[in-house]
Amino acid sequence: METETVTAVTPADGASGANVNTNVTVTFNEAMDEATITGSTFELRDAGSNLVAATVTYSASTLTVTLQPSSVLAYNSSYTATVRGTSTGVSRSSSSEIF
């Protein structure tokens, strides 16, 4: 069985100068179970490890999860996006299993 993997991330890992109004996106190699994609399984934290309020959505047609911060991010600041992929995190769609 193939393992689901992240194929693209925006902004890129370690990017500097990203727009403070930017969304964070993660694209997977296969369909994911939309019910497992939430603000608890895909989150953005600032340099102080504070959770950034955001809306998380999933596009099944593009296999992309989008995290849209609820407010403008701070200038000259670092943020870390995390996708949790454990048994209680993001998981593949049951209809997309590869045998």
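Residues numbered from 1 in each chain as written. Predicted model: local features only at pLDDT ≥ 70, side-chain atom pairs only at ≥ 80, totals over all residues. Heavy atoms only, no water.

## As for the pattern of salt bridges
Logical step 1: Under the criterion given, the structure shown has two salt bridges.
Logical step 2: Among the salt bridges present, the one from E43 reaches R45, with a minimum N-O distance of 2.9 Å.
Logical step 3: Judged by relative accessible area, which is 27%, R45 ranks as partly exposed.
Logical step 4: E43 serves as the salt-bridge partner of R84, at 2.6 Å between the closest nitrogen and oxygen. One end of the pair, R84, is in the segment after β6 (79–83); the other, E43, is in strand β3 (residues 42–46), with 41 residues separating them in the sequence.
Logical step 5: Relative accessible area serves as the criterion here: at 36%, R84 is assigned to the partly exposed category.
Logical step 6: Here E43 falls in the buried class, since its relative accessible area comes to 7%.
Logical step 7: It is possible to trace a salt-bridge network through shared partners that takes in E43, R45 and R84. (Salt bridge = Lys/Arg side-chain N within 4 Å of Asp/Glu carboxyl O. Buried < 20%, exposed > 50% of the residue type's maximum accessible area, 1.4 Å probe, protein only. Helix = DSSP H or I, 4+ residues; strand = E, 2+ residues; numbered from the N terminus.)

## Focus on the side chain of T27
Logical step 1: Within the secondary structure, T27 sits in strand β2 (residues 24–28).
Logical step 2: A polar contact of 3.0 Å, which involves the side chain of T27, links it to the side chain of T64.
Logical step 3: When residues no more than four places from it in sequence are discounted, the contact partners of T27 are T5, V6, T7, A8, T62, L63 and T64. (Polar contact = N/O pair within 3.5 Å; in protein donor to acceptor, adjacent residues only side chain to side chain. Contact = heavy atoms within 4.5 Å.)

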